[in-house]
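What the coordinates show
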Amino acid sequence: MRMSKYYAPTLKEVPNDAEIKSHELLIRGGFIRKTASGVYTYLPLGNKVLKKIERIVREEMENIESQEILMPIIQPAEIWQESGRWDDYGPEMMKLKDRHNRDFTLGPTHEEMITTIVKNELRSYKQLPISLFQIANKYRDEIRPRFGVLRAREFIMKDAYSFHDSEESLDETYKAFYKAYEKILERLGVDYLVVEADTGAIGGSDSHEFQVKAEYGESTIYYCDCGYSATDEKAVSNVIFEESNETEQEMKKVDTPDVKTIEDVANFLNVDKTKIVKSLLFKGREGWVLALIRGDYELNTSKLKAYFGDQTLSMGEPEEIKNEFGVEIGFIGPVGIKNVKIVADYSIKNMKNFVVGGMEKDKHYVNVNINRDFKIDVYTDIRMVSKGEPCPKCGKPLKEIKGIEVGQVFKLGTKYSEKLHAYYTAEDGKQKPFIMGCYGWGVSRTLGAIVEQLHDDYGIIWPRNIAPFELVIIPVSMKQKELSDKAEELYKLLKGKYDVLYDDRDASPGFKFKDADLIGIPLKIILGKKMKEGKVEVKLRYERNSEEVDITEGFEELLKIIEKKLNEYDPKI
Ligand SMILES: O=C(C[C@@H]1CCCCN1)Cn1cnc2cc(Cl)c(F)cc2c1=O
Ligand SMILES: [Mg+2]
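Throughout what follows, the structure given in this document is the object of discussion. (Residues numbered from 1 in each chain as written. Chains lettered and ligands numbered in written order. Predicted model: local features only at pLDDT ≥ 70, side-chain atom pairs only at ≥ 80, totals over all residues. Heavy atoms only, no water.)

Here we come to the overall build of the chain. Each helix and strand counted, the chain has 13 helices and 31 strands in total. Counting only C-alpha atoms and orienting by the principal axes, one finds that the chain spans roughly 95 × 65 × 50 Å. Within the span of the chain, comprising 573 residues, buried residues form 53% of the whole. Taking as baseline every contact in the chain between residues at least 6 positions apart, the subset at least 24 positions apart corresponds to 70%. (Helix = DSSP H or I, 4+ residues; strand = E, 2+ residues; numbered from the N terminus. Buried < 20%, exposed > 50% of the residue type's maximum accessible area, 1.4 Å probe, protein only. Contact = heavy atoms within 4.5 Å.)

Going through the model one piece at a time under the given rule, you end up with 65 salt bridges. For the salt bridge of Arg383 with Glu389, the shortest nitrogen-to-oxygen distance reads 2.8 Å. Judged on exposure class, the residue Arg383 and its partner Glu389 are both buried. One salt bridge in this structure joins Glu488 and Lys492, with 3.2 Å as the shortest N-O distance. Taken as a pair, Glu488 and Lys492 lie in helix H11 (residues 481-494) at a separation of 4 residues, close to a single helical turn. Note on Glu488: relative accessible area 22%, which makes it partly exposed. Taking the relative accessible area as the measure of exposure, Lys492 reaches 54% and is therefore exposed. Within the structure, one salt-bridge network assembled from shared partners comprises Glu19, Glu142, Arg144, Arg146, Arg151 and Glu218. (Salt bridge = Lys/Arg side-chain N within 4 Å of Asp/Glu carboxyl O.)

What follows deals with the coordination of the magnesium ion (ligand 2). Around the magnesium ion (ligand 2), the protein contributes the donor atoms Glu209 (OE), Glu405 (OE) and Gln408 (OE1), at 2.1 to 2.7 Å from the metal centre. The motif formed by the donor residues of the magnesium ion (ligand 2), counted along the single chain, is E-x195-E-x2-Q. Highlighted residues: Glu209 in strand S10 (residues 207-213) and Gln408 in strand S21 (residues 399-413), separated in sequence by 199 residues. With respect to burial, Glu209 and Gln408 carry one shared label: buried. (Donors = N, O, S within 2.8 Å, 3.2 Å for Na, K, Ca; no water.)

Attention now moves to the site of ligand 1. In the vicinity of ligand 1 lie 16 residues, with Arg85, Pro108, Thr109, Glu111 and Arg140 positioned nearest. Contact distances for ligand 1 include 3.5 Å between an oxygen atom and a side-chain N or O atom of Tyr89. For ligand 1, an oxygen atom lies 2.9 Å from a polar atom in the side chain of Arg140. Among the elements that make up the shell around ligand 1, the one with the highest residue count is strand S8 (residues 154-164) (3 residues). Looking at the shell around ligand 1 residue by residue, the classes come out as 9 nonpolar, 2 polar and 5 charged. (Near = heavy atom within 4 Å. Polar contact = N/O pair within 3.5 Å; in protein donor to acceptor, adjacent residues only side chain to side chain. Nonpolar A, V, L, I, M, F, W, Y, C, P; charged D, E, K, R; others polar.)

Moving on to the environment of Gly357. In this fold, Gly357 is placed in strand S18 (residues 354-357). Each C-alpha atom, one on Gly357 and one on Ser302, is 24 Å from the other, the two residues being 55 residues apart in sequence. Discounting chain neighbours no more than four positions away, the residues touching Gly357 are Phe331, Ile332, Gly333, Lys363, His364 and Tyr365.

One open sheet accounts for 3 strands, arranged S13-S19-S18; its pairing is antiparallel. The sheet is open, and its two edges are formed by strand S13 (252-255) and S18, each paired on a single side. Neighbouring strand axes in the sheet, compared pairwise and without regard to direction, differ in orientation by 35° on average. In this structure, S18 lies alongside strand S19 (residues 363-368), joined through 3 bridges in antiparallel fashion. Its bridge partner being in S19, Val356 is matched across the sheet by Tyr365. (Pairing = 2+ DSSP bridges. Axes fitted to C-alpha atoms, helices over the stretch in contact; angles between N-to-C directions.)

This brings us to the packing of aromatic side chains. Tallied over the full model, the rule gives 16 aromatic pairs. Pairing Tyr307 with Phe308 gives two aromatic rings, centres 5.0 Å apart and planes at 90°, and the pair type is edge-to-face. Seen in terms of ring centroids, Tyr346 and Tyr379 are 6.4 Å apart; in terms of plane orientation they differ by 10°. Their pairing is stacked. Pair noted here: Tyr346 is in the loop between strand S17 (341-344) and S18 and Tyr379 is in strand S20 (residues 378-379), with a separation of 33 residues, a long-range link. Taking the ring centre of Tyr297 as reference, the NZ or CZ of Arg383 above it sits at 4.3 Å. (Phe/Tyr/Trp six-rings, centres within 6.5 Å; stacked < 30°, edge-to-face > 60°. Lys NZ or Arg CZ within 6 Å of the ring centre and 35° of its normal.)

Further remarks concern helix H12 (residues 509-519). When H12 is considered as a whole, its buried residues turn out to be Lys512, Asp515, Ala516, Asp517, Leu518 and Ile519. Residues of H12 that are buried sit in contact with helix H1 (21-28), helix H2 (44-63), strand S26 (459-460), strand S27 (471-475) and strand S29 (523-527). In the segment just after H12, Gly520 is the residue with positive phi, at about 90°.

Put into structure tokens, the structure is as follows:
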């Protein structure tokens, strides 16, 4: 491609709404342009990289015999009403009406759609297992789109769905997708981690996320050298809380005027946070839940929701709590509270003589003890772990790292097939609901994740497999004929062998080098003053010095050097 003709509007200035590097560099590099909040156009450079990412994803899907289909983006409300999810996502689901005033949604995902499609076509166990995938736009009206394509409202996803007549069969396919995702990440050339994940709203059993390591990624991951790794939502607590040998003191109600937060209580009563129990009220399908956890720990709401299998569980609103329990949030406690299910984190199991809210304005109880002063319905792990805690698998201190989720795989079970009456005839002749799995890959998000991990002060450093161009030919001046003629000759020779960009613009060398670095092209071939000695300069994107190659005898030597350098090129260094 000739740069003089190419629509790649690079910018010097940093866009003011770019909060992280990848967003800045994709805009400045001329890869994407924002058309609305969370809605992007992929210009030629961005589109080229997208297509290379899609090709890798598509090939790895085909390698595990997943069959490509293309489903509609507009989905009739009926299938979502049948699955009971039409209102589950509130304003995040983009909805529209057609000219007959019928309700539709712009598909945020396709479980309902694919299950409705196959239920009339897949009738016998003989046709199972099968997995189908598509690569297409998805729509989710994020409350705060940010970080460019990392959290957009329209994005490109590869979503795959598998159908089985047994858990074993699902397990086999799940493993195949897991391995295919690792293969994709290897081919993308980025540093990554596979982590145990929370199945969240869609339920089901196992789930893993595929995370690109990135300092400013939104995911927090806890991992260990032994191989354990999980998102913060999922990471299991392995702290053993030793028995307290204190004797139980007499419980007292004390004045704590306007003392509400854990900090305030600790300071006012001059007690350590480890002697306070936090009481947090949640409202769910079965009513109110009071979650108790030691004052110095953080509640993990994903674990709480997973325990109750109720994603609708949400923190009680102050007003609602005042009306329902007659006391402000800051004074809520387990002693004397009615009509709540009390679930306690293990961290309070052996606490003695601790402080809790007094269930009365400006009051707290001190010297509270479990069983004597209140009953706990159930103990379970509802704690957010932190760095340095013992690994749940081997006990060594957990490490913490940030990441960007680019893929997630789920074992769904029969949740959707039952809701949508999607049955097949089993070997024993009975009608049974399909056992399903689903497997997502954020194709457009991958574009941002890779840049977030692989960049320096000069711009992007693309891995070779998905770089928009593998190499760029840069004559330092188009006015010097011997340079531009030789460059033209080189371009014709190389464009059949590599993805070549030819910077034939009438611009200064510095300008061209800067653009090549910003866009992130792996290899430069520079035709400059060394041409007097019959030499060109070859340089990898991150090398400070270039290698001189003599081309007076022809291009064999140069071709060898190019191949050698591109093969040793590794942006992760
Ligand atoms: O999408 C999944 C699970 C997997 C991910 C991989 C590909 C198949 N689906 C979970 N999820 C996330 N956000 C959503 C947002 C809206 Cl507005 C919605 F209506 C539904 C969903 C929703 O179901
Ligand atoms: Mg996830």
